[in-house]
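Coordinate inspection notes
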Amino acid sequence: MCYNYCKYEKSAVICINVYDFDNTIYDGESLLDFYLLCIKHHPKLVKYLFVVLDSYRKYKKCKISPERFSFLAKKYAAEALCAVPDLEALTEKFWIRNKRKLKGWYKSEQKTDDIVVSATFGFLLRPALEILGIKHYVCSEIDLESAKITQICFKEEKIRCFEKKFPGAEIENFYTDSLNDEEFMKKAQNVYLVKHEKIIKYDGYKH
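Scoring rules and cut-offs
- Residues numbered from 1 in each chain as written.
- Predicted model: local features only at pLDDT ≥ 70, side-chain atom pairs only at ≥ 80, totals over all residues.
- Heavy atoms only, no water.
- Pairing = 2+ DSSP bridges.
- Helix = DSSP H or I, 4+ residues; strand = E, 2+ residues; numbered from the N terminus.
- Axes fitted to C-alpha atoms, helices over the stretch in contact; angles between N-to-C directions.
- Contact = heavy atoms within 4.5 Å.
- Buried < 20%, exposed > 50% of the residue type's maximum accessible area, 1.4 Å probe, protein only.
- Expected span 1.5 Å × (residues − 1).
- Disulfide = S-S within 2.5 Å.
- Parallel < 35°, antiparallel > 145°, perpendicular 65-115°, else oblique.
- Left-handed = near helix turned anticlockwise from the far one by under 90°.
- Nonpolar A, V, L, I, M, F, W, Y, C, P; charged D, E, K, R; others polar.

Quick word on the sheet that holds strand E7 (residues 171-176)
Here 7 strands make up an open sheet; going across it, the order is E6-E5-E4-E3-E7-E8-E9 and the pairing mixed. The strands lining the two open edges of the sheet, one partner per strand, are strand E6 (148-151) and strand E9 (198-202). Strand after strand, the sheet turns through a mean of 20 degrees between neighbouring axes, direction not considered. Sheet topology note: the strand E5 (residues 136-143)/E6 ladder contains 3 bridges and is antiparallel. Paired with Ile 142 across the two strands is Ile 149, which belongs to E6. Of the strands in this sheet, strand E3 (16-20), strand E4 (115-121), E5, E6 and E7 are in contact with helix H7 (residues 156-165), which crosses E4 at around 130 degrees.

Have a look at this one:
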């Protein structure tokens, strides 16, 4: 039992559970799925397809760095957003269609003090968290008016963003689908790898 308290949003918790989002709580990569939906409404976005798929392939192999992730986001985000003037409407449409992809196993385990950590941008993540009733999270952020990246929450940067927002938090259980979250795995008392609806305890980082 851990007795170190972490305060956030005027509440105190003892050893919280932390969850990755994509391929963990959500069945798939939400940004990739959203991009494919946007292509249907704005076909000129297809010109980014090679960059998106190549980056996704490298991400799955844990071969993309926070610096590269940030570079790609900053280089292409502004131009892509300018091609999606109905971003808010498409985001709403996306979650109407894709809320079915929010996994049942998480809903059965959910606690009120859960924290979600994700590289996904907040404009896309927040509606899903509202559906699930999750109040605590940290993610990548983009200013939609200026199309400027204000926070990258990926790999080493993900743990730094987490510790900045939730200083002193003790992680009892951490759930993820990817070894890209190695820094969280090192800090958690227990680590679980998620594949679809299957949860496997991972003993690669024993405390």
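A closer look at unusual backbone geometry
Positive phi, close to 60 degrees, is recorded for Ala 147, a residue that is not glycine. Structurally, the position occupied by Ala 147 is in the loop between E5 and E6. Phi at Lys 155 is positive, roughly 50 degrees, even though this residue is not glycine. In this structure, Lys 155 sits in the loop between E6 and H7. Owing to a relative accessible area of 17%, Lys 155 belongs among the buried residues under this scheme.

Notes on helix H1 (residues 30-41)
An α-helical turn contains 3.6 residues, so any two residues separated by three or four positions project in the same direction. With 12 residues, H1 should reach 16 Å at 1.5 Å per residue; the first-to-last C-alpha distance of 17 Å fits that figure. Every buried residue belonging to H1 is among Ser 30, Leu 32, Asp 33, Phe 34, Tyr 35, Leu 37, Cys 38 and Ile 39, and all of these are buried.

Topic: the state of the cysteines
All told, the structure shown has 0 disulfides when counted by the stated rule. Unpaired in this structure, Cys 161 has its nearest cysteine sulfur neighbour in Cys 153, at a distance of 4.5 Å. Residue Cys 161 is classed as buried on the basis of its relative accessible area, which comes to 10%.

As for the packing of H1 against helix H4 (residues 87-98)
Put simply, H1 and H4 touch, their axes get as near as 10 Å, and they point 120 degrees apart. Taken together, the axis directions place H1 and H4 in an arrangement best described as oblique. H4 is crossed by H1, and the crossing has right-handed handedness. Between H1 and H4, the residues in contact are Ser 30, Asp 33, Phe 34, Leu 37, Cys 38, Lys 40 and His 41 and Leu 87, Leu 90, Thr 91, Lys 93, Phe 94 and Arg 97, respectively. Looking at side-chain class alone, the contact of H1 with H4 contains 6 nonpolar, 3 polar and 4 charged residues.

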